[in-house]
Amino acid sequence: MPASLLYGVEVLINGLMAGVLYALVALGFVLIYKASGIFNYAQGVMALFAAMTLSGIMEGDIPFSHLINAMFGTQLHSFGWNVPAIAAILLTVVVMALLAWLVQRLVFRHLVGQEPIILFMATIGLAYFLEGIGDLMWGSEIRTLDLALPQGASLAIENATAVLGGDDFYGFFIDKLDVVATMVAAILVAALIAFSQYTKYGRAMRAVADDHQAALSVGISLNFIWVLVWTLAGIVALVAGIMWGAKSGVQFSLSLIALKALPVLMLGGFTSIPGAIVGGLIIGMGEQLFEYTIGGPFLGGATENWFAYMLALVVLIFRPQGLFGERIIERV
Amino acid sequence: MMNAVADTQASSVGYTTADGRDIGEVILDLRNITLRFGGVEAIKDISFDIQEGEIRAIIGPNGAGKSSMLNVISGFYVPQEGEVWFRGKPRPPLKPYQVAQQGIARTFQNIALFEGMSVLDNVMTGRLGKMRRGILAQALWVGPARKEEVHNREAVERIIDFLEIQAIRKTPVSRLPYGLKKRVELARALAAEPNLLLLDEPMAGMNVEEKEDMSRFILDVNDEFGTTIALIEHDMGVVMDLSDRVVVMDYGRKIGDGTPDVVRNDQVVIDAYLGVSHD
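Residues numbered from 1 in each chain as written. Chains lettered and ligands numbered in written order. Predicted model: local features only at pLDDT ≥ 70, side-chain atom pairs only at ≥ 80, totals over all residues.

Novice: Help me understand the overall build of chain A, please; the structure alone is not making it clear to me.
Specialist: Looking only at helices and strands, one finds 13 helices and zero strands in chain A. Secondary structure elements of chain A, listed N to C terminal, follow the sequence α-α-α-α-α-α-α-α-α-α-α-α-α. Whereas a compact globule of 332 residues would reach a radius of gyration of roughly 20 Å, chain A reaches 21 Å, a difference of no more than 12%. Its C-alpha atoms put chain A at 70 × 65 × 40 Å along the principal axes. Contacts in chain A between residues far apart in sequence, at least 24 positions, make up 73% of those at least 6 positions apart. (Helix = DSSP H or I, 4+ residues; strand = E, 2+ residues; numbered from the N terminus. Rg over C-alpha atoms; globule rule 2.2 N^0.38 Å. Contact = placed C-beta atoms within 7 Å.)

Given below as structure tokens:
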């Protein structure tokens, strides 16, 4: 095989793995949108908040320490212990569940039946609030997330694939973290699908997504399901936050990955979980491949910044409901 | 106005029907219910009761307030005045899902099914209230939760057999014809093993054959499971055949209450409703 083609394949594989992370963020959007019709602008900030909380708990930081020090003149910073990763993850899940409950209780409970645009505005408010409270709790400096996830190029893959090409090909360069992220995402998605297909609460979730009135009539509390859905979205945000955070540090830019999820959603549709995954993969692969074949050589590079949005725009023109979204049928 | 309303308020101790079924004591008692939407009174000071084991029909012309009445019972509407007594106790204003959890199941006039889900999944949602395992056990799919799922699945399969919809178990509801959708909705309501089953026009829009099937199912449900049923229906023939007692409504008021024979021969009822019937 010629080396250039092999490099193309490598680009494709790396694109696929970047796409997994896009898909993870998009998944959080889909979960909430399906069940409550809310487009949660705060999903990206939730990922940031979850990653900050995880990092803070692991390092034994005292939440709100700046605030406490400023008010009482103390010099508190840290509990002085380190929490093991597993325990810290579980604690963070609890925090995200609590956040879900508060969001439902204090905000969306009072907005039931409002226009989608009002719900959307509320999530914008929520995004800025979360960003602020995150800074207040854990400080605004860039944090590291050390979960001892494998990182760096995988030599094993490189050596194993080097034989595919000639002397000028040294094997596929693939980041181990990307491989881990892909596996974790696959497990998460499988678990989510199993939960929604085969459990009581999963079924109730699907029921609420389908028809509120019918759901009420079989004894489902909409509020409870919405808290559940926000919790699940919080867990998905945590996983996305861990993966992106491990890659590029826990910092504000993490919340901007949510914007990359928008073209994924346009492609996959707002209501389809498989759509979010396939959409993420298409965007991830598409932007890498475009950069490699056209963007880099002819357009001066850095096309990843806009390619996803262009692709989504083209798809929207031909299929307004996305590739997998439910068909929009309006009877006259 | 000649008022010869046959208000045969049955005694609360129960009675025996013409076909020999024993009717128990009052399960649901509606006392002076008034429901307003803005300035419009949809229900005006209506009282009637439903006794354990009976089939109780609510009839009346369009806009008489029948569906509103059913919505009051199932908690979708909260009346401004009056009380709902359930099993001998006044019921506080409940959310619809809480009413459902108390064992009152219902179907809707315009069918409210989960269109994207299969028939089996739709019926399974009816059993949500019967599944007790906590969310963690459910999520982890551990022993007891799994056993519970299997057990409930069996109960659902029995209901599916009973209503003769085995052939469409795995079909998404959105692909079913109207008559079958109505039957699936009944199956979902039955899956809850309700104490009281509310049917809002279970035979609306059906052809004669489908109506006969549905009538048979309603009678069988009442007979085999002893389920108390309150139903709204337009087809007078069907109502007279099915029900033990009939409430007649007109413009939000109750104008008659009694056995089909009594109601049928009541002049006020005839004037308001039967006289203009096209059956």
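Novice: Would you take a moment to explain the domain arrangement of chain B for this structure?
Specialist: How big an interface is tends to be expressed through the accessible area that disappears when the partners come together. Residues and elements named next belong to chain B. Domains assigned within chain B are domain 1 (21-103 + 194-279) and domain 2 (115-190). Placing a centre on the C-alpha atoms of domain 1 and another on those of domain 2 gives a separation of 27 Å. In this complex, domain 1 contributes 11 residues to the contact, which on the side of domain 2 involves eight residues. Looking at the side of domain 1 that touches domain 2, the element that brings in the most residues is helix 7 (residues 208-225), giving four residues. (Domains from an automatic or database assignment.)

Novice: Even after reading the chapter, I still don't get unusual backbone geometry, so can you show me in this structure?
Specialist: Peptide bonds are, in most cases, trans, and in most cases residues other than glycine have a negative phi. Residue and element names in this part refer to chain B. The phi dihedral of Asp 45 is positive, around 50°, even though this residue is not glycine. Summarising the element assignment, Asp 45 is placed in strand 4 (residues 40-51). We classify Asp 45 as partly exposed; it has 14 C-beta atoms within 10 Å. Even without a glycine there, the phi angle at Glu 193 is positive, about 50°. Assignment of secondary structure puts Glu 193 in the loop between helix 6 (178-191) and strand 9 (196-200). (Buried ≥ 20, exposed ≤ 12 C-beta atoms within 10 Å, placed from the backbone.)

Novice: For this particular structure, what's the right way to read the interface of chain A and chain B?
Specialist: Taken together, the contact between chain A and chain B spans 19 residues of the former and 26 residues of the latter. The set of elements that each furnish at least two residues to the side of chain A that touches chain B consists of helix 7 (176-198), helix 8 (200-210) and helix 9 (212-217) of chain A. The dominant element in the side of chain A that touches chain B, judged by the number of residues it contributes, is helix 8 of chain A, at seven residues. Looking at side-chain class alone, the side of chain A that touches chain B contains nine nonpolar, five polar and five charged residues. (Nonpolar A, V, L, I, M, F, W, Y, C, P; charged D, E, K, R; others polar.)

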